[in-house]
Every structure is written in structure tokens, then in C-alpha cells.
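Working through the structure, step by step
Listed below are the residues making up each chain.
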Amino acid sequence: MLRTLLFMVLTLSAACTQAPIQETSIGIAEENVCQTEVFKVDANFSAANMASCAVTDPRTIEVLLKPEDIPINPSPWYAVRLTPMQAGPVRLVLIYEEHPHRYKPKLSFDGVTWSALPGDRVDAKASGYRVTLDIDLDDRPLFVSGQELFTNEAHETWTKGHGAKPFVSMAQIGASIEGRPITMIRTDARVDTPKTVMLVGRQHPPEVTGALAMVSFTDEVLGDSELAQQFRDKYDVIIIPNLNPDGVEHGHWRHNMAGIDLNRDWGPFTQPETQSAKSVIDEIESNSLALFLDFHSTRRNVFYTQPIGADGTEYGFTAEWLARARKKLPDYVFDRQGSHNVDLPTSKTYIYERFGIPAITYELGDETDRTEVAETARIFAQEMMQILLEQE
Ligand SMILES: [Zn+2]
């Protein structure tokens, strides 16, 4: 069973992480650094997060972790780099101010291949606000992070890979507050009045497993299988993989640069990132959108859906989709939670209110095995395509 791979090696698909982790270009190279004669801790790279640090002794450095603003969801992201002056054991102490430790530490020398720090090297104490990590350094710098670093550059590399296909077009649909591009990739059906499926991702930067699911799901839909080709003949496919590039770059826990939770801005559309998504949605013919999926992560695998029997389809897409996937994936543990809250301006609420179609938040567990994330997302993509083709 996939889930028994406890301390798995996590390898982001080669296509999405050819690039090494980038140094941040702001000229503060020595600002966010603590150094002893044994090792150095810094946060001067993309997706890093460390508010400040302090040396306790030559082999121990404390790292203070703070969110970009408060109040905020309990998604206490961290990412730092340890650079050895001497090989040997060191201790990193994570100190949290707002919310206790959540993400199990992941380690990587190259930013591509990651491994989980074994549980017996992590002491989260009772409260979880002070966590010690015991780490053995060799002679290489080591990233220590709440999840694998899935940077903007990795998103871009992956997106361009699809964008280079002859049947995929790529467009910048807007820009973040700091001017980073919001990119869309899409395919256009061959029929005259196609239906549309839309995927969005990375509204919440730490939710890496959701992003990994979005990658595999998309790879399947834009892949070479006969099913995918038939599907793309009939359906337009629109994908906005990375809606919060500023948050990703700065290692935010949740928000954009204005302190806004983007997945609470669908309806108000006060932010350039959500406005870019709305501009795409406004171009979709009012009766053509068939399905909307928004990829996230939480503490378990769960699909947030419309209430049972109320997804706007007569045949019950959501129930059928999840049932077929469950049959194919008997070992994949996931829940369905149905609700519709008109006062919660999420993408799910907005799309359902406007189009009356299944609008589903596809959530992966923080620690769901990465092979399982990828393999199950492909099955969910296949079942989605199969069902929607049957409805043609
Ligand atoms: Zn989320």
C-alpha cells in the first residue's frame, strides 16, 4: 500500500523542478542570517520564511517564525537553509508565535529531491510552539522546509512545458501586486459549442500537496492518452496553476501582499490576482462551464463539494466522480464534505452561485504520500474526463 511508505523520498516530477532554488535578488544577503563556527542559517532564497534568528551555542540556532500578518489561518510555513562550516550534528529550534507546528520538516540538498526528517529527530514538546530538529550536516548546504519548495520558477518551468505543445496556448492574464505574471494555459476544443473545464491552484502558498495534485491532474488531461485527446476535442480546458506568486515567493502562510486571503475574495474581487481569474471567467460563455476545480491542502484528503444531490447536474457529477474514483482507488482514504455557504466568498461558492455547476475544492492532506498524490490525481482526472464525455 502506498501510504505505508512512511519516510518517503519526495521527488517533485522532473518536469516541474529543473531549476535550482533561486537566491532572492534583494540586497540583504547578510540581514537574515545567523552564523556560528559550525553552521549558518539563512532565508535569502525563494519561498524562504524566517522572521529572525538567534545563536544559542555553536551547534544550536533558534529560528522565530511569524506570519505575514494576523489574523491568519494556522498554516505556519517555514523554510531556511543550513550551510555547514563543519560536518556534524546541529540543532535547529523553531519558535512559533501565532500557531503551533504543523508541517513535518522536509530536507533537501538540491531543492529537487526531498526526504522527511525522521520523527525521532523532531521534538515538538507539548504545546508545539517550540520545536527542536536534530539534523546531521555533511559538507553541503541543506534546505529545511515545511514542505518541498515548489517555487514560482518551478511553476513556470512546468507551465511552459505544457505551453510548448501545439494544442496548448499560454497567456498572461494579469499580474500580482508585485508584478509577477499570472499565467493561464488552455486548450480549445474542435467542436462548435464546446463545454469548458477550469482548474485553479496555489491560492495558498504552503499548500504544496494541492499543487502537486494539480500538476499530475493537468499532466493527465493534457497528456497523450486517447481519452485525453477525445476529451480535449469536446471540452475547452482552462488552467490557472499559480494564483498567488507573491505569496509563494515570500514564503507566506496564506495571504497575498495586501494581506488578503485570495480564496475569500471571489465575489468582491478586490485583488489583482482574483481579478485576473475573473477576467478569464467572464470570457466563458455563460452556459458552457461544466466543472470547476480548485486545488488546496489541509490536514486530510477531502473534497469540499456542493451538498449531496445539489451540484447543479441532473445526473449528479460529483457523486458519480467520487464513487468511480473510490472504486479504482480502494486504498486512498478521502472524505466528501458537502456545503454551500453564500456568505463565504470562496471560488467554490462564487462559481456555483454564478453558473450552477459542480465547483469543488480538491484538498490533499499535508503529509499524503507524494506518489499517492500524483497517482490518485491521474485517476481522478481520467474519471472526470470519462464521465464528462459520457454526458456529451
Ligand atoms: Zn487552501
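Going by the structure above, here's the rest.
Residues numbered from 1 in each chain as written. Predicted model: local features only at pLDDT ≥ 70, side-chain atom pairs only at ≥ 80, totals over all residues. Heavy atoms only, no water.

Attention now goes to helix 3 (residues 226-234). Among all positions of helix 3, only L227, A228, F231 and R232 are buried. The arc that holds every buried residue of helix 3, seen down its axis, measures 125°, which confines them to one face. Lining the buried residues of helix 3 we find strand 14 (181-187), strand 15 (195-201), helix 2 (208-221), strand 16 (235-240) and helix 8 (370-390). (Buried < 20%, exposed > 50% of the residue type's maximum accessible area, 1.4 Å probe, protein only. Helix = DSSP H or I, 4+ residues; strand = E, 2+ residues; numbered from the N terminus. Arc of directions from axis to C-beta. Contact = heavy atoms within 4.5 Å.)

Right, let's talk about the pairing of strand 6 (residues 79-84) for a bit. Counting buried positions along strand 6 yields six of six residues, so the element is predominantly enclosed. Of the two faces of strand 6, the one carrying A79, R81 and T83 and the one carrying V80, L82 and P84 are both buried. As paired elements, strand 3 (residues 39-42) and strand 6 share four bridges and run antiparallel to each other. From the neighbouring strand, D42 faces strand 6, where its bridge partner is R81. By the bridge criterion, four bridges tie strand 6 to strand 12 (residues 142-145) in an arrangement that is antiparallel. Directly across from A79, in strand 12, lies its bridge partner S145. (Pairing = 2+ DSSP bridges.)

Moving on, we get to helix 5 (residues 272-283). Compared with an ideal rise of 1.5 Å per residue, which puts 12 residues at 16 Å, helix 5 spans 17 Å between its outermost C-alpha atoms and is within 8% of the ideal. Those residues of helix 5 that sit buried are E273, T274, S276, A277, V280 and I281. For helix 5, the buried positions fall inside an angular range of 155° around the axis, keeping them on one side. (Expected span 1.5 Å × (residues − 1).)

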